[in-house]
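Analysis of the macromolecular model
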Amino acid sequence: MQVAIASGKGGTGKTTLAVNLALAAPGPVRLLDCDVEEPNAHLFLGVRIEGRELVGIPVPEVNEERCTACGACGEICQYSAIVALKTKPILFPQLCHGCGGCQRVCPTGAIREVLRPIGELEWGRRGELLFAHGRLNVGEAMAPPVIRAVKRWGRPPASAGAGLAKTPFIQVQPAATGDGDPPAESPAMTLIDAPPGTSCPVIEAVRGSDFVLLVTEPTPFGLHDLRLAVELVRRLDLPCGVVINRDGIGDDGVEQYCLAEEIPILQRIPDDRRVAHAYSRGEAIVEALPEYREQFAALYAALKEYDRHAHTAHTRD
Amino acid sequence: MKVAVTTAGNDANADVDPRFGRVKNLLIFDTETGEHEILDNSANLGATQGAGIQTAKRVAESGAEALITGHCGPNAFRTLEAAGIQVITGVEGRISDALTRFQEGSLKPANGADVQGHW
Ligand code: SF4
Ligand code: SF4
């Protein structure tokens, strides 16, 4: 089962939820930190990094001897990453989305693809917890390829790799439906810590999930961002539930909204000074305050239960 | 020669607009005839990326050999440079005044971008 943890904006407790859910799980889980612009889950987990890989995207390279300055490459490029004036093309690799369009239209075969590193993937473990995160290099704008690399990590080799580097930048897929149970040796749950917001990196991170947990604070601002997140999740046709963080502050707007929209509220993390304190020291709540373990374990169980029902319903159809 | 000026207005009485990539119009002035034409650049106003590059391309296509504007980012600068266009940044005030100063030779071309790029 793949569960994405998202929120309409940063700082609502997304990572806190992901980390504590992973630590409270009774069996092996996989945690993928896809907030590649600011990965921080590892700080709370103390995982040992075991490997590292560069993530690159294919960008064009022009063989000036073959180029006839026809301009076709510049015309096809939607991203202004290759510009052909009357001269040989000028390249802006940082704007390139690696779609391969320029290479396809070049009549003289002057363009070939080279890999440009934009970030890295790191993985490691802590006991039964398998962990990976991506890191986008400073100054880079294209998070989705790095997110894809993180999500690809650890999947059985058959479904991984080949051709992925060539897939265009945004590709929204409908939710994966019942492709069977994961192989026995793989963790029972994959948790994805999505980037904050509602832009393409978020879509890339949550797509293919069986369920999305939306974290919010019970305030008017929180509600505003929650609405946007719900819209996004519904556009992707994914089931979702809400986790209220810092329960007790603010008003009941989020509650009313969830009721009206029939979105279940699955957990409430109270506004507890000790929780904030643990966070500031880089400690997981379930470790600093063991009395909280039960509520995260209950959420985990609820998600598994949901999954079991979703699958049975699917087979009955 | 032709000179391009960024502006939100429609004639030489309007002011030079400090923006380049997302400017509304480009005024193309011909120093030989004293005539000008307006190129609508509003298609680039909402561009998520590459607005500077696209605007630079339009300037190049207009046949202008110099550009007068307020600020120019690195991508636009590189494109203009590759097209052999002189870039003059930091210009304010009325277009007609700027053009007079340009023709007197008192406006100096920039050596590089004067603002950071935003991808
Ligand atoms: S690969 Fe696609 S995005 Fe990159 S330069 Fe070529 S056409 Fe543009
Ligand atoms: S399409 Fe090929 S030949 Fe034409 S300008 Fe681009 S690189 Fe040169």
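Residues numbered from 1 in each chain as written. Chains lettered and ligands numbered in written order. Predicted model: local features only at pLDDT ≥ 70, side-chain atom pairs only at ≥ 80, totals over all residues. Heavy atoms only, no water.

A look at the overall build of chain B
Per the secondary structure count, chain B includes three helices and five strands. Taken from N to C terminus, the helices and strands of chain B fall in the order β-β-β-α-β-α-β-α. Since a compact globule built from 119 residues should have a radius of gyration of about 14 Å, the 13 Å found for chain B is in line with a globular shape. C-alpha extents for chain B along the principal axes are approximately 35 × 25 × 25 Å. Burial analysis of chain B (119 residues in total) assigns 49% to the buried set. The long-range share in chain B, meaning contacts at least 24 apart out of those at least 6 apart in sequence, stands at 52%. One way to put it: in chain B the 10 positive side-chain charges average out to a point 7 Å from where the 15 negative ones average out. (Helix = DSSP H or I, 4+ residues; strand = E, 2+ residues; numbered from the N terminus. Rg over C-alpha atoms; globule rule 2.2 N^0.38 Å. Buried < 20%, exposed > 50% of the residue type's maximum accessible area, 1.4 Å probe, protein only. Contact = heavy atoms within 4.5 Å. Lys, Arg positive; Asp, Glu negative; His and termini not counted. Charge placed at Lys NZ, Arg CZ, Asp CG, Glu CD.)

Description of the sheet that holds strand β7 (residues 129–136) of chain A
The strands making up a sheet are joined through hydrogen bonds of the backbone, oriented either antiparallel or parallel. Residue and element names in this part refer to chain A. Taken in spatial order, the nine strands of this open sheet run β3-β6-β7-β2-β8-β1-β9-β10-β11, and their pairing is mixed. One side of each edge strand has no neighbouring strand; the edge strands of this open sheet are β3 (48–62) and β11 (265–270). Adjacent strand axes in the sheet meet at a mean angle of 20° when their direction is disregarded. Pairing of β3 with strand β6 (residues 111–126), which is carried by 14 bridges, proceeds in the antiparallel orientation. Its bridge partner being in β6, Ile57 is matched across the sheet by Arg116. (Pairing = 2+ DSSP bridges. Axes fitted to C-alpha atoms, helices over the stretch in contact; angles between N-to-C directions.)

So, the domain arrangement of chain A
When the domains of chain A are assigned, the result is domain 1 (1–27 + 188–317) and domain 2 (57–115). The C-alpha centroid of domain 2 of chain A is placed 43 Å from the C-alpha centroid of domain 1 of chain A. (Domains from an automatic or database assignment.)

Some words on the packing of aromatic side chains
The geometry of two aromatic rings is summed up by the distance between their centres and the angle between their planes. The tally for this structure, following the rule as stated, stands at three aromatic pairs over all chains. For Arg78 of chain B, the ring lying beneath its charged end belongs to Phe92 of chain A, and the centroid distance is 4.6 Å. (Phe/Tyr/Trp six-rings, centres within 6.5 Å; stacked < 30°, edge-to-face > 60°. Lys NZ or Arg CZ within 6 Å of the ring centre and 35° of its normal.)

Examining the site of ligand 2
As a structural note, the neighbourhood of ligand 2 is formed by Cys67, Thr68, Ala69, Cys70, Gly71, Ala72, Cys73, Pro89, Cys106, Pro107, Thr108 and Ile111 of chain A. Taken together, the residues of the shell around ligand 2 break down into nine nonpolar, three polar and no charged. (Near = heavy atom within 4 Å. Nonpolar A, V, L, I, M, F, W, Y, C, P; charged D, E, K, R; others polar.)

Details of the site of ligand 1
Around ligand 1, the neighbouring residues are Pro60, Cys77, Tyr79, Ala81, Ile82, Cys96, His97, Gly98, Cys99, Gly100, Gly101 and Cys102 of chain A. Taken together, the residues that form the shell around ligand 1 break down as eight nonpolar, four polar and no charged.

Structural notes on the environment of Gly74 of chain A
By secondary structure assignment, the location of Gly74 of chain A is in helix α3 (residues 72–76). Taking the C-alpha atoms as reference, Gly74 of chain A lies 48 Å from Tyr257 of chain A; in sequence the two are 183 residues apart.

Brief notes about the pairing of strand β3 (residues 36–40) of chain B
All names here are of chain B. In terms of strand pairing, strand β2 (residues 25–30) meets β3 through five bridges, oriented antiparallel. Note that in β3 the partner of Phe29 across the bridge is His36. Between β2 and the antiparallel strand that follows it, β3, lie five residues; Gly34 among them carries a positive phi value of about 75°.

Digging into the packing of helix α7 (residues 220–235) of chain A against helix α8 (residues 253–261) of chain A
Residue and element names in this part refer to chain A. Two elements in contact, α7 and α8, have axes separated by 10 Å at closest approach and are oriented at 25°. Our classification of the angle between α7 and α8 gives roughly parallel. α8 is crossed by α7, and the crossing has right-handed handedness. Here Leu223, Leu226, Arg227, Val230 and Arg234 of α7 lie close against α8, whose contacting residues are Gly253, Val254, Tyr257, Cys258 and Glu261. Residue composition of the contact of α7 with α8, by class: six nonpolar, one polar and three charged. (Parallel < 35°, antiparallel > 145°, perpendicular 65-115°, else oblique. Left-handed = near helix turned anticlockwise from the far one by under 90°.)

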